[in-house]
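Structural overview for review
Here's the letter readout for the chains.
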Amino acid sequence: MPFPGIGERVNEVRERISDAVRRGGHGQSVRIVAVTKTYGPEAAAAAWAAGVKIVGENRIQEALDKMDHVPEPVQWHLIGHLQRNKVKHLDRFAMFHALDNERLANAVSERNAALGRRIPVLVQVNVSGEETKGGFDLEGLREAAPRLAGLAGLDIRGTMTMAPYEAPERVLREVFGRCREAAGVLREAGLESTELSMGMSGDYEVAVEEGATMVRLGTILFGERTP
C-alpha cells in the first residue's frame with residue numbers, strides 16, 4: 001500500500017490535536033483535512049483508509065483529474081484560489097475554503113442561487129498583510145460582512161487563513177487569533193461562522209490551541225513532496 005505508516009501518523013496527529021485542544025481551552029472538535037496536492041489519487045485512498053474522510057486540493061484541475069480515480073467516498077474540499085470563470089467546478093466540492101473577495105463571492109452565490117442551493121464556504125482572511133496572499137483584512141471584512149450575509153447562494157461557515165511560513169510562535173498566535181476575531185465579525189453580521197480552517201503541518205498544534213476546527217495537513221501525513 002502506498003504511504004506506509006500513514007495510519008500511525010494520523011493517530012499521532014490526533015493525539016497531538018487532543019493535547020492542543022486541552023491546552024488551548026476552547027473545547028472544540030477538530031477535523032483533519034488531508035492535503036493531497038502533487039501526491040496523486042492514491043493519497044486520497046490512503047487517507048480514507050487511515051480514517052481521514054476530508055481531502056483538500058489547492059488546484060481545480062488537479063482535483064478534477066483525481067476525483068474520477070478515487071472510488072472512496074471522500075469529502076472533497078477546495079482549499080486554494082479559484083478564478084471566477086471556474087466557479088462551475090465548485091459543484092463537485094463539499095466546501096470551498098478560499099472565498100477571498102467580493103466579486104468571487106457574488107459569482108459563487110449567483111451560480112448556486114440559480115441552482116436553488118447554498119454552498120458551504122469559508123472566508124479567507126489575510127491578517128498577516130502578506131502581499132502574496134489573497135483574502136480580506138479585518139477592516140475590509142467588517143465592511144463586506146453585511147453584504148456577504150445577504151448572498152443567497154452562500155452558506156458561510158467561518159474563516160480560513162494561512163500563517164507566514166516558518167513564523168515564530170508569537171506571530172502564529174497573532175495570525176490565528178485574528179482569524180478567530182474575523183469569524184466573530186461574521187457572526188456579528190448574523191452568520192453562523194463557527195469554523196476556523198487554520199494550521200498546516202508545521203504549525204497545526206498552535207492553530208488548534210488558538211481555536212482551529214480544521215487543520216490542513218499534507219507532508220506530516222504523506223511525507224515530503226517531490227518537485
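The text that follows walks through the structure, step by step, so that each part is easy to find. (Residues numbered from 1 in each chain as written. Predicted model: local features only at pLDDT ≥ 70, side-chain atom pairs only at ≥ 80, totals over all residues. Heavy atoms only, no water.)

**Regarding helix H3 (residues 60-67)**
For H3, a buried count of six out of eight residues is recorded, marking the element as mostly surrounded by other parts of the structure. Residues of H3 that are buried: Ile60, Glu62, Ala63, Leu64, Lys66 and Met67. Its buried side turned inward, H3 meets helix H2 (41-49), strand E2 (54-57) and strand E3 (75-78). (Buried < 20%, exposed > 50% of the residue type's maximum accessible area, 1.4 Å probe, protein only. Helix = DSSP H or I, 4+ residues; strand = E, 2+ residues; numbered from the N terminus. Contact = heavy atoms within 4.5 Å.)

**So, the pairing of strand E4 (residues 95-99)**
Of all five residues in E4, five are buried, a share of seventy percent or more. For E4 and strand E5 (residues 119-124), the ladder comprises two bridges, and the chain directions are parallel. In the sheet register, leucine 99 faces E5, and the bridge partner there is valine 123. Read as a crossover between parallel neighbours, the route from E4 over helix H4 (residues 102-114) to E5 is right-handed. (Pairing = 2+ DSSP bridges. Right-handed = clockwise from strand over helix to strand, strands pointing away.)

**Focus on the pattern of salt bridges**
The final tally for this structure, using the stated rule, is 23 salt bridges. For lysine 66, the salt bridge identified is with glutamate 62, shortest N-O distance 2.9 Å. Placement of the pair is lysine 66 and glutamate 62 together in helix H3, with a separation of four residues, close to one helical turn. Its salt-bridge partner being glutamate 181, residue arginine 142 comes within 3.0 Å of it at the nearest N-O pair. Placement of arginine 142 in helix H5 (residues 138-149) and of glutamate 181 in helix H6 (residues 169-188) is noted, with a sequence separation of 39 residues between them. Beyond isolated ion pairs, a larger network of salt bridges with shared partners links Glu12, Arg16, Arg23, Glu169, Arg173, Arg180, Glu205, Glu209 and Glu210. (Salt bridge = Lys/Arg side-chain N within 4 Å of Asp/Glu carboxyl O.)

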